[in-house]
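Overview (structure and organization)
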Amino acid sequence: MNAEADALTTVKDADRKHVFHSWSAQELIDPLAVAGAEGSYFWDYQGNRYLDFSSALVYTNIGYQHPKVTAAIQEQAAKLCTVAPGFAVDVRSEAARLIAERTPGDLDKIFFTNAGAEAVENAVRMARLHTGRPKVLSAYRSYHGATSTAINLTGDARRFGNDSATAGVVHFWGPFAYRSPFYATTEAEEGERALRHLEDTIVFEGPQSIAAIILETVGGAPGVLVHPDGYLAGVRALCDRYGIVFVLDEIMVGFGRTGRWFASEHWDVTPDLICFAKGVTSGYVPLGGVAVSAAIAETFARRPYPGGLTYSGHVLACAAAVATINVMEEEGVVEQSARTGAELLGPGLRALAERHPSVGEVRGLGTFWGLELVRSKETREPLVPYNAAGADNAPMAEFGAACKKGGLWPLIAGNRIHIAPACNIAPQDVAKGLQILDEALTVADAHTV
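This section reports on the structure supplied with the text. The shown structure was predicted, so the numbers you read here are calculated from the model rather than taken from an experiment. (Residues numbered from 1 in each chain as written. Predicted model: local features only at pLDDT ≥ 70, side-chain atom pairs only at ≥ 80, totals over all residues. Heavy atoms only, no water.)

**Topic: the environment of Ile213**
In plain terms, the rule: Going along the chain from the N terminus, every DSSP run of H or I of four or more residues is numbered as a helix, and every run of E of two or more is numbered as a strand. In this analysis, two residues are considered to be in contact whenever any of their non-hydrogen atoms come within 4.5 Å of each other.
Mapping Ile213 onto the fold places it in strand β7 (residues 210-216). The spacing of Ile213 and Gly168 is 45 residues in sequence and 12 Å in space, taken between C-alpha atoms. Beyond its immediate stretch of four places on either side in the chain, Ile213 contacts Leu137, Phe172, Leu198, Ile202, Val235, Cys239, Ile244, Val245, Phe246 and Val247.

Rendered as structure tokens:
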């Protein structure tokens, strides 16, 4: 047995014996053993290289192993590995400053968490304490994390096994013109009807009982859902009318993913709270947080905020954030993401849709796109049923296997493939990924009618 094979066996055996994987039936999975990664690629112990069109879980915004970020983490580790969150530390202050400079409006205070779900938990807590109200509204097509409140806020099927029905959450239908719950025929009509539905929900739930409305600025896990123009501004207006805190979940789409530092910039909308994580450090060290408006920060100026985390603003994570943001600024990564979407991914994916009967719709911004796969473009029947598993999910499983066989690592959710490469992906790698997708989609085409 050679060294690579021996290492593979060791890693796989230990994984099987000791690692409990998320969202999985433990005996039915066989995780790929990853040996290394760089830029837009990772590889296994057998030398198979994969072009990562998932950015891990949509967070390696500057790709794997960027030397300036790894060096910054090493430098910080040599200087100060950790310190309690109650102290003022140079790198923590600098990370907060750099983030606050890029948030809209007066969201100038940063509460650090370890990840996105904790950001959502704390944003909701802040909103409830600020307003003195219990309820939070969120969309059915949404994902906000897997902790207690966050999973109740989540609208997709992952909520089903966790929903306690006691978290004070009320779900509503957001706009999705391709599968309109409002029988709209245009994007504008969809947005208008969705806003009317949301206001009806507010009125019938009792505005005096609603602390916050939380929305993903661009729906991530639900299928890269880009809201119609005017919708987010309309939600902002409803929140102002009824004294409700407006929370935007930018965990997946912040820090260059849509071609802006924050996706809310596309619509010039300023929420009261922004949840962030993932791309802020390119995932090199876990970090999340809440950007807090002046009005909500004032609530806790002389009143203690009843929340905290042992590792809030961990210095290694903050060093990674400072280096990541500086790299994105110096190398024009945000602008590159915008160009890649407008000039390469958008046109390339729309061309695939014209060639393949299985592609019902293409939608996205920057380096964040989704292909809606269908059995029929006319009926728009999804390629697999909602929350499909086992044999019902075979068409998507076969399509995913074809992507991997071609050397592309996909991010598949339901009947969709999400296209989320590194924000600084090279043009030749975009072309390569589109070519592999083109070939793999013939497998999906075989299941159309």
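**Focus: the pattern of salt bridges**
To keep it simple, the criterion reads: Salt bridge, as used here: a side-chain nitrogen of Lys or Arg that lies within 4 Å of a carboxyl oxygen of Asp or Glu. Between buried and exposed lies partly exposed: a residue is buried under 20% and exposed over 50% of the maximum accessible area for its type, with that area taken using a 1.4 Å probe on protein chains only.
Scanning the model with the defined rule gives 19 salt bridges in all. As a salt-bridge pair, Asp156 and Arg158 come within 2.8 Å of each other at their nearest N and O atoms. On the basis of relative accessible area, Asp156 is assigned to the buried category, the value being 12%. Beyond isolated ion pairs, a larger network of salt bridges with shared partners links Glu94, Arg97, Glu101, Arg102 and Glu329.

**Comments concerning the sheet that holds strand β16 (residues 411-413)**
Filter applied, for reference: When DSSP finds two or more bridges between a pair of strands, those strands are recorded as paired. Axes here mean lines fitted to C-alpha atoms, for a helix over just the part in contact, with angles spanning 0 to 180 degrees between N-to-C directions.
Strand order in the open sheet formed by 4 strands is β13-β14-β17-β16, and the pairing between neighbours is antiparallel. The sheet is open, and its two edges are formed by β13 (359-365) and β16, each paired on a single side. With direction set aside, neighbouring strand axes in the sheet form an average angle of 20°. Here strand β14 (residues 368-373) pairs with strand β17 (residues 416-419) via 4 bridges, running antiparallel.

**With respect to the sheet that holds strand β12 (residues 288-292)**
The strands that make up a sheet pair up through hydrogen bonds in the backbone, lying either parallel or antiparallel. Strand order across the open sheet formed by 7 strands is β4-β12-β11-β10-β7-β5-β6, with mixed pairing between neighbours. Two strands lie at the open edges of the sheet, namely β4 (109-113) and β6 (169-172), each paired on one side alone. Taken over all neighbouring pairs, the strand axes of this sheet differ in orientation by 20° on average, direction set aside. The pairing of strand β5 (residues 135-139) with β7 spans 4 bridges and is classified as parallel. Paired with Ser138 across the bridge in β7 is Ile214. Packed onto the sheet, helix α5 (residues 116-131) meets β4, β5, β7, β10 (245-249), β11 (273-276) and β12 and runs at close to 165° relative to β11. Helix α8 (residues 231-242) rests against β6, β7 and β10 of the sheet, and its axis sits at about 150° to β10.

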